[in-house]
Amino acid sequence: MAFSLPNLPYADNALEPSIDEKTMVIHRTKHHNAYVTNLNTAVTGDAALEGKTLEQLLENNLAIVPEGKKAAVRNNGGGHFNHSLFWLIMAREGQGGGGEPIGQLADAINATFGNFEEFKAKFKAAAIGRFGSGWAWLAKKADGTLEIYSTPNQDTPLMDGKTAIIGLDVWEHAYYLNYQNLRPNYIDAWWKVVNWSTAEAIYNGNFTLTF
Ligand SMILES: [Fe+2]
């Protein structure tokens with residue numbers, strides 16, 4: 001079955017003022033949609049790839065993907081995975097979005113990074129430090145510990161055997177209409193719409209992302 005563009009679990013304008021409606025619409029229906037379309041083009045008719053789940057395609061650094069298809073699946077499969085997650089780990093400010101980490105995820109963040117403020121500072125540094133296009137991540141490594149880091153382009157923690165807990169898209173298409181060159185302001189505003197309930201469920205293995 002072909003991959004498809006997911007609907008948002010909230011209105012296009014729900015994340016304002018942190019993320020404006022026009023950016024949300026273009027981001028999902030143009031950029032994300034292109035990743036889905038190009039991923040389907042890459043796998044359709046390829047016996048090694050067609051019918052595989054997105055996880056199967058990406059895990060172990062795309063081990064099952066033939067060399068000639070690796071770039072297409074990496075960029076577009078990664079793009080589909082990253083954006084599908086991105087929409088779900090956000091919510092309207094005050095209605096699931098914002099606040100601070102909860103539960104076992106909060107405990108793990110505090111134990112690893114000191115406190116929420118130090119965590120945010122380190123995450124922001126990763127997001128600002130990504131030159132060009134990419135993502136900043138809070139991920140859970142195979143040994144269960146947390147890590148903040150960034151990936152270029154549409155590379156995703158799944159490729160490296162890590163579980164993405166939250167991820168911030170720092171491609172210019174994610175913020176340029178509203179923030180222009182001011183990526184740090186976009187990062188600061190984003191905390192107001194992070195859905196820590198979903199993030200905690202991901203951390204605990206109680207959340208399944210479907211494609
Ligand atoms: Fe994006």
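Further up the page is the structure itself.
Residues numbered from 1 in each chain as written. Predicted model: local features only at pLDDT ≥ 70, side-chain atom pairs only at ≥ 80, totals over all residues. Heavy atoms only, no water.

(A) Broad picture of unusual backbone geometry. Note the cis peptide between Glu16 and Pro17, where omega equals 0°. One can find Pro17 in the segment before α1 (21–43). Even without a glycine there, the phi angle at Asn61 is positive, about 55°. For Asn61, the location among the structural elements is in helix α2 (residues 54–62). Residue Asn61 is classed as partly exposed on the basis of its relative accessible area, which comes to 40%. (Helix = DSSP H or I, 4+ residues; strand = E, 2+ residues; numbered from the N terminus. Buried < 20%, exposed > 50% of the residue type's maximum accessible area, 1.4 Å probe, protein only.)

(B) Quick peek at the coordination of the iron ion. Donor atoms from the polypeptide that bind the iron ion are His27 (NE2), His83 (NE2), Asp169 (OD) and His173 (NE2), placed at 1.9 to 2.1 Å. What the four donor atoms of the iron ion show is an angle range of 90 to 140° at the metal, which sorts the shape as irregular. Counting residues between consecutive donors of the iron ion along the chain gives the motif H-x55-H-x85-D-x3-H. Across the pair, His173 and Asp169 agree in class, each one buried. (Donors = N, O, S within 2.8 Å, 3.2 Å for Na, K, Ca; no water. Tetrahedral: all angles 85-135°; square planar, octahedral: opposite > 155°, others 65-115°.)

(C) Fine view of α1. Look at α1: 32 Å from first C-alpha to last across 23 residues, which is about the 33 Å you get at 1.5 Å a residue. Taking the largest bend as the criterion, α1 deviates by roughly 30°, centred on His27. When we look at burial in α1, the residues that qualify are Thr23, Met24, His27, Arg28, His32, Tyr35, Val36, Leu39, Asn40, Ala42 and Val43. For α1, the elements touching its buried residues are α2, α3 (67–88), β3 (163–169) and α6 (176–179). With a side-chain oxygen lying 3.3 Å from the backbone nitrogen of Lys22, the N-terminal cap of α1 falls on Asp20. (Expected span 1.5 Å × (residues − 1). Bend = angle between axes of the 7 residues up to and from the residue. Contact = heavy atoms within 4.5 Å. Polar contact = N/O pair within 3.5 Å; in protein donor to acceptor, adjacent residues only side chain to side chain.)

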